[in-house]
Every structure is written in structure tokens, then in C-alpha cells.
Number of protein chains: 2
Amino acid sequence: MDKWVYTFGAGKAQGNAKQKELLGGKGANLAEMSNIGLPVPPGFTITTEVCNYYYRNNKNYPTDLEEQLITALDNIEKITKMKFGSSNLPLLLSVRSGARASMPGMMDTVLNLGLNDKTVIGLSNESGDKRFAYDSYRRFIQMYGDVVLGIDSADFEEIIEQEKLSNGVVLDTEVSAEIWENITILFKDLVKKVTGDDFPQDPIEQLWGAISAVFSSWMNQRAITYRKLNDIPASWGTAVNIQAMVFGNMGDDCCTGVAFTRNPSSGENNYYGEYLVNAQGEDVVAGIRTPQNLTIKEKELQNSDTMSMEEAIPEVFKQLTNIFDLLEKHYKDMQDIEFTVQKDVLWILQTRSGKRTSAAAVKIAVDMYNEKLISKEEAVVRIDPLGLDQLLHPTLDPNSEKNIVTTGLPASPGAAFGKVVFNSDTAEELANNGESVILVRMETSPEDIHGMYAAKGILTSRGGMTSHAAVVARGMGRACVAGAGDIIINSENNEFISNNIKVKEGDIITIDGSSGEVILGEVSTILPELSEEFNQLMKWADEIRDLKIRTNAETPKDVKVALEFGAEGIGLCRTEHMFFDTERISAVREMIFSDNEKDRRAALNKIAPMQKNDFTEIFILMKDLPVTIRLLDPPLHEFLPREEVELDDLSKKLGKDKSLIKSRVLQLEEQNPMLGHRGCRLGITFPEIYEMQVRSIFESVTEVSKKLNLSIMPEIMVPLIISDSELIFIKEKIDDVALAVEKETGVKIKYLVGTMVELPRAALNAEDISKYADFFSFGTNDLTQTALGISRDDSGKFLPEYIDQNLLESDPFVSIDVNGVGKLVSIAVDSGKKQNKNLKLGICGEHGGDPKSIEFFHKVGLDYVSCSPFRVPIARLAAAQSKIRNK
Amino acid sequence: MDKWVYTFGAGKAQGNAKQKELLGGKGANLAEMSNIGLPVPPGFTITTEVCNYYYRNNKNYPTDLEEQLITALDNIEKITKMKFGSSNLPLLLSVRSGARASMPGMMDTVLNLGLNDKTVIGLSNESGDKRFAYDSYRRFIQMYGDVVLGIDSADFEEIIEQEKLSNGVVLDTEVSAEIWENITILFKDLVKKVTGDDFPQDPIEQLWGAISAVFSSWMNQRAITYRKLNDIPASWGTAVNIQAMVFGNMGDDCCTGVAFTRNPSSGENNYYGEYLVNAQGEDVVAGIRTPQNLTIKEKELQNSDTMSMEEAIPEVFKQLTNIFDLLEKHYKDMQDIEFTVQKDVLWILQTRSGKRTSAAAVKIAVDMYNEKLISKEEAVVRIDPLGLDQLLHPTLDPNSEKNIVTTGLPASPGAAFGKVVFNSDTAEELANNGESVILVRMETSPEDIHGMYAAKGILTSRGGMTSHAAVVARGMGRACVAGAGDIIINSENNEFISNNIKVKEGDIITIDGSSGEVILGEVSTILPELSEEFNQLMKWADEIRDLKIRTNAETPKDVKVALEFGAEGIGLCRTEHMFFDTERISAVREMIFSDNEKDRRAALNKIAPMQKNDFTEIFILMKDLPVTIRLLDPPLHEFLPREEVELDDLSKKLGKDKSLIKSRVLQLEEQNPMLGHRGCRLGITFPEIYEMQVRSIFESVTEVSKKLNLSIMPEIMVPLIISDSELIFIKEKIDDVALAVEKETGVKIKYLVGTMVELPRAALNAEDISKYADFFSFGTNDLTQTALGISRDDSGKFLPEYIDQNLLESDPFVSIDVNGVGKLVSIAVDSGKKQNKNLKLGICGEHGGDPKSIEFFHKVGLDYVSCSPFRVPIARLAAAQSKIRNK
């Protein structure tokens, strides 16, 4: 005989916490608590297998279910010494869903089941409170009518309003027992009118109705959507938990509460919670009455003048905290517990791991290790890496008032305030005068780099989570709110309008890059302070992980931040970012406008000493840590001016006719710059550019090595390779420069030459390419764009719909697309390693800072990931977790 | 003992025609001819292995080479009864390179070797012609000086000029024996002056010098470049052929000539050739004297009044033509033969398969099958498929004069003349009035489709072989010259200037899309006429091939052409091309400017009947042949107006403010349209578009099936798929429409739904996608763009350099990139077939008409290729050849 029903209560249970698949999360925990002897209202769980049977068999139940259910019901009656459907001591039941994963509010619940015209009198007698009994009865009819019979809840509400009106009553609390009784009659009439049948008086019929309603709600639209969004298969099914009702609202010797075994906000090891006397769980949530503190300590801290539970019912409190300790030890985690005291008897209704802030999570994990409750690995694996972002950036003071103008996408975490400016030059100017500025742009482009760098925060009206603004801001650790579509920017008048509020240049706003909020005026922010526990946890993560963590950085400032956050090298130093500096850009443009190699070389010679100096600063900071320098990557037109004033300026500087300048700008334009004349293609058509860059690197390395008495070995990275022949071509030229510099300086230079793997063809030809490469670094941004054929800049028009419709698991620019891009990475890793055992493997795309992606990179066997400086701690933790999870 | 030297002559040889790897092409053929008893001047071949030995051993020779060489030299002396280095009957030698593959003019040759101050007297005596002897001697010194000693040839020429001047002589023919003798002395002085040594008098020393020069020339820059371009490995090496000299210039009983065993122009089975009395091979090539015809027939045909060889020396002629017959039977191919008659004795110097026109190739192949010389397969495999282009398009009358203004890229074959127009509307207008027009544009865009269609030819000043203009023109079978960079178009004045010549609108020009020539005025063209032999050959190809050949077509006119050329279905019917029609484009724009589904549907309802009619026309033509219809693919902004006038117009038509129109146009713009909001992404965000298209298809199919009493099964193709979930989403909607139409009409609809595989992720996920697809069609254009990360439109700035530098084997948009794109195709084929045995597989990119690519598609196991109508015969032939070559 199949077992469909599992009982629990009175110190024992047929199931346990491990049976979540069969009993659902709630059922398994109720069984577990019963097993360890906690006072759980007795009940039973109908398994998820019944749910599946139900759907496979045209909504019919297994024939032997009924018998098992009756037996389980008997068991409750025996324990409670109450009788289901009896007018003496009537047993009432709650019927709740409970799937393997929590799906809060998605499915149906029926409470107070078992009440009818007869049992309501029993309840009244037993509780000595007629008003309570009829209030419960009318609630039951309403809930059952809605959930099981499909009657609109509003129709019931209307009856109540009518009755209150005709009785001259305003608040529910003023409604008398008699009025509630009358309302139950009107409710039953409504049921009869709508369904054509009487409201079921048979408790067993009620029970089956409720069970079917819960199973049916597994397939309601809300639940289907929720499962889609959370990747929960329909095949899991839900269990149904049927439990004896207990009441916290039967008088002043009753109460109900919610507690955490530790402080969920700070993580401190103190009991923390609230309770309400003579109340039901709903009342705590509804917030009509102010709950009282659980402990004296909390009461004092909050200067509360109501009595704490510790004072009011010290014995029950002692009993409760004993249970807290027991449960925390049992589950080895901070618990979130719901309890009810019915006539001085304590009942535990639910326990689960409690939600907590990131700071609390870190503290609790480290404390629990120190308390010998959990291992280092367990401590490390418990922290959500993305949550660390909260700890690393300034946050808004939660006690401040906020005048929110609009909300955009939370594109780069952190909060910042400053004067609004609408262009990058002004941003830089004001910042140089020591002012805080927020740069507001429709969207940003590489030309805005200096302004973004100067600003405290960036606000754009267009673009998504992976727009230029978002990506660069995250890289720089600037707060950014992107795609705030309500904002209309009028750059001529230097103002923006959002929801009828006008904000002018110089006005102060605050943006919260973690929530997307845009706020008028200054809101004070709280600076992050990294706790001892944080440092401890990071140390453990470092001990555990295999993946090295490098950073994407090219300014001394970023490099310093990254080193402080524990970066073990630079995985991507973008040389082109060094080209946008005001001083340099004119030399760069001069080079672009040269029509022969000689003039190009002359212009490049002006840039060379500056590039060399950039590298020197970085090498001095990094000492003997590895530094991967990518040669020029973007198409040349990114360096060109667009606005008339700039064109005039350039025309003057170069002494060339403006029409000539314009036509060259036009000539360099590309239909699809992403797939255009960039990366190593520039190095092949204009070898002198890479030659200058490589020479700057080698000269700098030679000098710094000597100065610091170190042997620095730069890693030179060639972008956009698709074939071995390209790499051979460029490597030959790099080797030539090395030889030349060695000859000039008399110092031997050690260096690596490797390639980005950022186009599908490179991945597919990794075996050939790896013959000539010392390392591969996966450029998963571009690999995503090409493998999926999705331009990151243009994806805003359809990608959100793809995510909504579940056509893609997640934004492939946020978490690596394992089934597409991931396959290319695997192919390249396998065939590259096969050919070249010493091949170093890394990744330097945005995914280097995403925990889900990091787990993939760990599994596929990379040596390191490289991410923006502020992501380094996240990556360290995620790498350790990946190791633990994939042992 | 290794054998380094292979002798031939006097009816026997140590080698044969099969030993091309060892003896080179020339050496192997000389041996073969000796073996079959032809009068070949005796000689020997030093093998390619010696070349490799030479380079592996620091330019030293095997020790036993000298002995073998002396023995071989003895053999020549025995046969010729002449003595190398003797003043009596001196033997002279030619020393020539000869690699496995022909590398014309890339390596060095030395003639008349063996002459010195002593042997020149012997030659003078023997020939009775002192002038001939000293002319030969001075030629030898000059050639040897240049090739072996590295003396600039110009220095020798200068001496000749000086001597002619001081002797009052103008033409070489006027130079007397004495002057030539004096020049040899001056030449030898020059050698002494430049090299410090006397000109070598020892013939054996001369011989070694020449041999080393030939081997060294294998590694000269010219040869290296040629090998790169022609994919010849350096490891093949060259052989050296040393042969007794024969002279066609020793008097009037001598002559020299070149002959073809059949007419290389028409293919007719007549001897064809020219000869010159008392001349050397060089004289025929130099064109100073007009050669005489070989046969009486040719002489009469050309109205020549000089004597034919057939008349002049009938016996030698008879001997020669016997050899022609023998060689043709032996090699089973039309031969190109060089011969010399020295004092009435015939010598054959070379034979090889003769180059021929495409028409001749077809005729010869079919004739030879009829003559039982070759098999059908051999006949089919001999024709260069690309050469058929010559036969299918109009060509310029070769007898016309041509005033060439400039030359661009031969982008789409065929010749055409007409009035110059600069915009598509005018083109259409004039064409409607029955005029021939040539559309001249900087570059074309999808908006020009109607103008390109109306024009006879298209000329652009920008863009490459795979630019929009080129691709569309080839598709339509219009002549096109693209990227004629010399042309400066001034569209305001409606004129273009090229090399200082101004051409105005209305002026007539002729363009030759096969040569790239742009010609002033009208040049008459010759219309193609497909010969009986052509049809015969195509029939054989059809019998042999496995691959089906479909066409890319959407207009009734193109469909008819394709059917005439033997298309077996439509592999790609692009529905968007149907959207550009003047009538429709405004409804399309109305749809784009709708901001809600209702308005979009209203606009789509206007397009629907027109789309349906398009399909009806096609289905009627195609009957029960398969038709694959691709749903809307390009991004919507392609349909938007760009010019102010058009914007005004649209603003009026839609009754919307122009600024609104402009801002919508701006909003739809994309950074990388290639990777943007297009393909099925449109079908997912605006399902009503595909719904309209699919409904049009189904309604049309139902009507035509009924009318023609056929069961037509359309193949609906969804573009730009990257995941199974997209296909599921769209297929569901297609099925819904089918059900609806079935319900309305009462007719059951049969149809297939398949996808383009044109993005790497689709190929990598083919197994999943094939669960829901009836067919895959590889869109290798886009697959190339994404796999290689190269935008076709932007590749002009670097791809030519890539080809030049041999960084890519060939233009990946012309021949499929087997190592990148090919791998993706293989992965998709294998995993798709594994999952879905019935999966139909085709390709509809430009590569479908490229023979090299077709061979790949045959090998990888596709069911069909689809190409533009004019490429259908090429594809039929290439498919047959692929089958034969890969049996």
C-alpha cells in the first residue's frame, strides 16, 4: 500500500526534515519539530505524490487516500482530545499548501475549518467568548467561499459594510457577537445564491473541498508564473498540511509572536522579536496595533513603555527561548519562528532559516563557527556573495527622509549625492574644484569616461543594466542609476524634468544605485566599514578557493582599491581608456587623421611617453603581481569628435579643412562597429600602433624592474583574434620590439603573449591558436554578443521581454549563458589545454564578478577570473563557494 | 644510392607523367612524351628532393649528385652526338625550373648554356651563321649575368644601346655579327667589373651556377608570394630540367610554333595554332612579326594571305598533327603544345592541358564523351563551375571598341548599357517608359531595391564584392560594378566625375560586371545562348548529384528564371523584399509608427492582401515544388525614410508631427543593427506581424491547392533563432493560425516549420532546437558575420589586407570558412540529425552558389543548397562534382 499521509504531533512524527521532496518544506519542518519534542499543534501532511497523482488522473485521488486521512484525523483527535465536527470541544483545522521550495502567497489556505452552525456553539462555549466564535465562523465562510467555492471576497465584504452601516458601527472591533452571528447567516445566504447549494455543514466535506482547492491552486496562473520565474518545475507538486488550529486571540492569557534567534539586522547573538497579546498572526502583520518587544534588552534599547514578554509571562518566555536555543542548535542556523500562546500553553507554528542583512549574515556565520556550530566551509557557503555589495558601498541613511522623483534601474551599487551636471567637461571642472557632482546623461559614451570618473554618481535616462554607463560605473565603483525613463533631459537649457519636477544644473540630487531611486536634495549616506568578521570570512574564502581573483583596472586609483579588496593581479588593463585623457586625445586624433605611416608614427611618438608613464605607475603598485595589458581594442571612430565645436577645434589644431575632417569622420563610421575594424585588426592594418604600445610596456617594465629590484613579467594580450595566423603576425612584431628594447637597454625582458578569446571562431580554433599563446583570456562580453547575435547596446528593445517570457533563463550579459557561450568556453578550454599544457586560462568579461558565472568558470577549470575592483570580494567569496559546492 | 637525376630522350625515359611530385609537372611530361616516342630534345630532371636537400643542408648538394649529373649529361651527348663544351658541334643546354604546380614566370631560366669564347665559334661554324652564334652568346651572358651573377639586366641593355648608337643602328635586326661579337666582349668586361671575376668559361661551372640559381629562385620573394596566394607549400620544392637546346631560328628551314589540338575559344574539333619561320619561341610571344596560321582552314577563315604550315611544310605538318592526335588520346584532353622545327626536324618542347573558354570547355568535354575518350563523370568534373557565369549573362562584344573610364570590382557578372540615373525612383520611372538605365549610387540600401530591379546594371563607388549592391545584384541577375573608388558622385548636380571625365544623368554608359569595367557610351553586348552541349552536361550533372538545388527568390520574374535554370524549389523567399514596394511601404511605416497592437493590426491588415497575392503568384509558378518562406527578418528601421522630403511626406500621410516621426526614427536606430531587434525577436515582441504573414501564406496555399488540385506544403522558416524556447513560442502561434484558417476554410493545411541556423548559439543548441523544427536552413552569411565577428558592410577596411597577408585563406563571405563557420555547421548537422532523424537540412546564404562551399555542404551531408537564380546551373554542376570527388 502506498503511503500518502504522514502524521506528526505529541513528540513524534512519521516524517522528518530531510523529506522536503515528499512533504514539502513546511511539512518536513513540522515533522522535524515534532520529532524533537517541540509543542507543535498535531496534524498530518498529504504528500506531493498525491498532487502529482491528482493531476495525472484527471483530478481524482488514490482510492486508499481517504482511509489514511481518516486515520490521521483520528490521531489528531486522540492527541488533542477534541472531536472534529463535534459540538463539544470541536476540533478545528488549518489547511495549508507547502511545496518543496517556498512560494509565499502563491497558493491557497483555509483556516478554522470544521466550523458549522453546530460546532460554532461548541467553540463559543469552550472559549467562553461568543463574539470570538462567530467572528471565526464568518471568517471561515468567507475564506472557504472565496478559496473553495470561488465567490468573490468583495461580495462578503460588502455584506459586512452594510451591516456595520445599518448598526451604526465603524470599526470591526466594535462589531458585537450578535452582529457577527447575523452576518454568518447573510454569508450563508450569499453562498446559496451564488452556488445554488447550501454552505457545506459536513466538516469532512469541508475538508475535501479545502484539500482540492490547495491542490488546484498549484496550477493557478500566479503559481505558474512564480514557478517560471523561479525555475521550479511543475512536477514537484505541493503537499497539503492539515493541522489542529490554535488561537492566540482567545483572551488575555493568549498571545502570538514572531521571533528571530539572533538579531537579523546586526547579527548580534540576542533574541529578537515581537508579540501581541490576545491576537492572531494576521494582527502582527497588519500593523494596526503596535507589537511589544520580546526581551527586556530590546525594550530598553527601543525605549518602549509596553511590557516585554520576558516580563509579562516569564515562564512561557523561558520555555520559548529554550526552544530557540534548541532549534538553532538543531538547524545550525539563525531561525525565524512563529509561535502562539493559547491560554498559557505555548505552540510553535513554524520555524525556518531567517532572512538577514548581509552584515548580519557575515557576523552570524563567523560567530557560529566560533561557537563550533558550523565549519569554515559552511560559514563561507552561507553568505550570498552579491549581498556583499551592500557592505562595500556607501548606503543611504535609513533614517533620512527621501523625496523620490523617479526610480530607474539599480545599475551600479552605492549611494551618492551632488550637483547635477549635464556634460562631462563640467563634471570634471566642478570635481576639480572639490565639488560632488552627479552626471546626468541620456546615455554615456566612451567620450564621457573623464566625466564619469570625476562624478560621484551617474544617472541616465536610457540604457539597461549592461549599458555603457552601467558597465563603466560598476567598473569604477561609481553609483549609477540607468534607464530612468521618466526623465526628460533638455540639454540646451541644462535641466531635466521628471514627473513634472524640474531639476536644473547645480541643483542637488541623491541617487541610490542599489535601489534605483533618484531623490531630490541631499540624503545623508553611511560609509561602509568592513567588520572583523568580514575580514575573517574573506580569509577563509581565500584559503578554500582554487580560482585566483584579478581585477580589471587601468588607473592607479582603481588599482589601489582593487589591491585593498584583495586582487591578486590585473586581468585586464584597457590601454584605450588611457587614450581619452584631454591631453592625449588630440595626439590620438592627429594619428587617426594621418594619411601615411610616417605621420602616424609622429603622432604616436607624442602618446608614447604618456602610455609608458601609465604602465610605470601600475607596475610600481602591482610589484610582482601579474599584469595583463590588452593592446588597443576599440575602433578608431570612438576617439573622434562628434559635435561641431569639437570639429572646429580639431580642424584648427590639425590645420586641416573642416570638410576634410568631417569626411574622414564619415569614412570611419561603421554599420556595426561591434563587428568592425577593431582589436587586432587595427594592429594588423596599422602595426605602428601596437608597436608603440608594446615598446612603452617593455621600456616601463625594464625601468621599474630595475628600480624595485624585481623581475616583472608583463602579460601582453591581443584582442579579437580569430585565427592563429593573426597571432603569429602580431607576436612576431612584439618579439621584434622586445629584442630591440633588450638591445638598447641591455636588459633581458621576460613577458607572456596571449589572446582574448571573444569571438566564436577563436573558441572553435583554440587548438591552433594555443600553439602560439601563453594564455587565453575569455572576453565573455563580446563572446555573448556574437554567439547570441545580440548587441548589448541594442538589447533593451527585446531582452526584457525575453526574460519576462522566460525565453532566456537570465540576462546573458549578467550571468554567463552556459548553454551557448559556456559551450564555446568549454571547447576552447579543452582543446587549448590539449595542445598547450601550460596555457594559462582566465576571464575578463563582466561575468568575472558574477557568482553564478564564477561557479561555471571554476567547474570548467579556469585559473583566474578578473572583475572590477569593487567586485573583488564578491568574486573571492563566490570562488570559494564554487570550490565547496563542487568538491 | 639515392636517385637524384632522371633522364629522358630518344624514345625512353626513367620517369613518367605520374611522377609530378618528384619531377615537377614539366619534367614528368617531358619524360612521358619521351616514353611514348615523341621527338623531345633529350635531357634530364634533377628531382624536387634535391631542392629540399639543398635547403635542409645550408645550400649544399648530395655528394652523389655530381656523378649522376655527369652520367645524365653523357646520355644527352650520346643521343645528340654533340659534346658539351666542345668547339665542334657544341651541345647547348636549357636550364628550367619545374614545380609540381605551374608557377609561370616566378622562377628562373637560363638558355644557351654551354656557350663560351670557344664554343661560340663551333656554333657559328655548325650553323653557318656567325650573327646567330654571337647573338646567342650575348643573350646567354646577359641571362646568366642577371640570373646567376645578380647583375642588373638594365646595365647590359645600356651597353647594347650605346653600341647601336655609335654604330648608327636602330633596330636589333640591323645589328651585324661583328657588333654582337663586340658586345659580348663589353658584356664580359661588365661581368668582371661588377663581380671581380671573369665570366665563367667552363661549361660545367656554368651548369652548376644555373642549377643553384633555379633552386635559389624557389625562395625568392615573388615565388613565396605566389605560393602563398595559390596555397602551394614551400615543402614541395622545385625540380630542375636540363635539356639540349634546339633552335627554330637557324634559317628558313626552321620554325617555331604554339598549337592547340582543338579550338580553345569555340571548342570545335579543329587543330588551331600559329607558327613563325626562322624564329624563337620568344618572337611568337613578343608579337613583333605576325604569326602564320597552322592550317589551311584557319587561314581561309581569317582571310590571311601568308602561307599556312599545312601548305609550307606539309610533311612536317602531317608529322605534327599525328603527334597532336597521339597526345590528345594519351592525355584524354585538349593539349596546348609548343614545338620547334630545326632544319626540317620537328621537336616537341612542351605539352599541357590547354586553357579554354567556358563554352569551349563544355563543348570539348561533351565531344570527348561522345568520342568515348572520357566518361560522363570526367566530362562533368572538367568544367569550372564559376566559368559558367560567362555563359549565362550577356557579354561585351569583343570586337567593339571600349572607352574605359574606370574599373571597379566585378561584383555581379554580365554586361549592360543604359542611361545613367542617380536615384531609384528615377530608375523605375525611366524603366517603366521602356528605357535601359544604369543606377549609379555611392552605395545601395534596402530602399533601392525597386531601382535596382528596374535597372539593367548597378554601379557603386563604395563597397566590396559582398556589399549590399553586389549581393542583391547577383541575386537579381543584374550586372554590377561595385566599389569603383575613382568615381566621385555629386548627387545634387546629378553627375559623377571619374578621372576628370564628367558623366551626367541621362548620359549612356556600359558596365561589365565580369571585368569591372565602366565604359563611356554604348558597347554592344552578346546575349547568351545555351548550347546543346551545355544542356547535355547539366543533365549529366543532375543524374550524378545528391544535393538538391533550390533558389533564393521572391518575385515571379526571378522564380521563372530560376525554374528555367533548373531550380528544384525555393530555399529562401524573403518576405521583407515584398515590403519595399512603393504601395506597401507606407502601410509598413504606418505599422511601425503605431504605438499599440490595435493600430499595428489595422496597418497590417492593409498589407495582408498584398502579401497573400505575392505568395499566390509564387505557389502557382512553383506548383508542388517546395517553397521555403522566411518570416520578416530585418530590423524595422530599415523600412524608415531617411531624407527630409520623405519624412515630410510620411508626416502628412500619418497625420503625425514631423518631430514625432523623427524621434521615433531616432529611437529605432541601432548601434549594431546586425545584432539588434530583428528576426524572430520581432516576431516575439510584435506577434501580430508574423501572424499576418503566416495567415497570408495559409490562405494562399489553401486557395492555390484547390485551384491547381495539388497538395502544396509550404515550409515556414523562422529567422535568427537562438533557443528552442523561441521556436516553441512562435511555432505555437503558427499552429494557432493554421487551426483558425482550417476552421474558416474547412481545408486541412499541411506545412513545415523550421528555422534558420545563423547564429553560433543556434548551432551549439541544435539538438534542443531540432526537437521542434522540421528543417534547418543555414544562414551562412550571418553565421559568418557572428562566428568571425566581422560585419560584412564594414569589412572593406581590413579584409582585403587579411587576404593579401594570407591571414585568411579566402574571403569568408565568398567561400565558407571551413575552420570556423564550417565547424558550427557540422556541429549543428550532427546534433540536429541525432535528435531528429527526419530533419531536412539546407543552406540559403550566399555560399549556396559557391562551388568550394558546395563541396563542403555535400560532404557535411546537407539535403539542398539554395542560391540566386543565375547561380543555379553553377550549383548543379558543383554539386555533381562534389559527389564525384568524394565518392
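Residues numbered from 1 in each chain as written. Chains lettered and ligands numbered in written order. Predicted model: local features only at pLDDT ≥ 70, side-chain atom pairs only at ≥ 80, totals over all residues. Heavy atoms only, no water.

Caption draft 1: Helix H28 (residues 724–745) of chain B, seen in detail. The terminal C-alpha atoms of H28 of chain B, which comprises 22 residues, lie 31 Å apart, in line with the 32 Å expected from a rise of 1.5 Å per residue. Of the positions making up H28 of chain B, those classed as buried are Ser725, Glu726, Leu727, Phe729, Ile730, Ile734, Val737, Ala738, Val741 and Glu742 of chain B. Here the buried face of H28 of chain B lies against helix H32 (799–804) of chain A together with helix H26 (680–685), helix H27 (687–708), strand E30 (715–718), strand E31 (752–757) and helix H30 (766–769) of chain B. Of the residues flanking the end of H28 of chain B, it is glycine 746 of chain B, one or two places downstream, whose phi is positive at about 75 degrees. (Helix = DSSP H or I, 4+ residues; strand = E, 2+ residues; numbered from the N terminus. Expected span 1.5 Å × (residues − 1). Buried < 20%, exposed > 50% of the residue type's maximum accessible area, 1.4 Å probe, protein only. Contact = heavy atoms within 4.5 Å.)

Caption draft 2: Spatial organisation of the relation of the copies chain B and chain A. When chain B is brought onto chain A, the operation consists of a screw motion whose angular component is 180 degrees and whose axial shift is 0.1 Å, with 0.2 Å RMSD remaining. One copy is carried onto the other by what is essentially a two-fold rotation axis. Among all residues of chain B, the one whose C-alpha sits closest to the rotation axis is asparagine 672 of chain B, at a distance of 2.1 Å. Comparing contact sets, 100% of the residues at the interface of chain B also lie at the interface in chain A, consistent with an isologous, same-surface contact. (Least-squares fit on C-alpha atoms with pLDDT ≥ 70 in both.)

Caption draft 3: Seen up close, the pairing of strand E8 (residues 238–244) of chain B. Residues and elements named next belong to chain B. Judged by how many residues are buried, E8 sits mostly within the fold: 7 of 7 residues are covered. Every second residue of E8 is oriented toward a common face, with Thr238, Val240, Ile242 and Ala244 on one face and Ala239, Asn241 and Gln243 on the other, all of them buried. Relative to E8, strand E3 (residues 43–46) runs antiparallel, the two sharing 4 bridges. Each bridged residue has a counterpart across the sheet, and for phenylalanine 44 the counterpart in E8 is isoleucine 242. Sheet topology places strand E6 (residues 93–99) next to E8; 7 bridges connect them, and they run antiparallel. (Pairing = 2+ DSSP bridges.)

Caption draft 4: Structural context of helix H7 (residues 177–195) of chain A. End to end, H7 of chain A covers 27 Å across 19 residues, agreeing with the expected 27 Å (1.5 Å per residue, within 8%). Of the surrounding elements, those touching the buried residues of H7 of chain A are helix H5 (130–147) and helix H6 (153–166) of chain A.

Caption draft 5: Structural detail: the pattern of salt bridges. Applying the stated criterion to the full structure yields 113 salt bridges over all chains. In this structure, the salt-bridge partner of glutamate 597 of chain B is arginine 601 of chain B, at a minimum N-O distance of 3.0 Å. One end of the pair is glutamate 597 of chain B and the other is arginine 601 of chain B, both in helix H23 (residues 597–622) and 4 residues apart, which spans about a single turn. Relative accessible area serves as the criterion here: at 41%, glutamate 597 of chain B is assigned to the partly exposed category. Taken together, the shared-partner salt bridges in this structure form one network comprising Asp542, Arg545, Lys548, Glu568 and Arg876 of chain A. (Salt bridge = Lys/Arg side-chain N within 4 Å of Asp/Glu carboxyl O.)

Caption draft 6: A look at the packing of helix H34 (residues 851–860) of chain A against helix H35 (residues 872–885) of chain A. All names here are of chain A. With their axes 9 Å apart at the nearest point, H34 and H35 run at an angle of 50 degrees to one another. Classified by the angle between their axes, H34 and H35 sit oblique to one another. Considering the relative orientation of H34 and H35, their crossing is right-handed. Facing Pro851, Ile854, Glu855 and His858 of H34, the residues of H35 in contact are Ile874, Ala875, Ala878, Ala879, Ser882, Lys883 and Arg885. Per-class residue counts for the contact of H34 with H35 are 6 nonpolar, 2 polar and 3 charged. (Axes fitted to C-alpha atoms, helices over the stretch in contact; angles between N-to-C directions. Parallel < 35°, antiparallel > 145°, perpendicular 65-115°, else oblique. Left-handed = near helix turned anticlockwise from the far one by under 90°. Nonpolar A, V, L, I, M, F, W, Y, C, P; charged D, E, K, R; others polar.)

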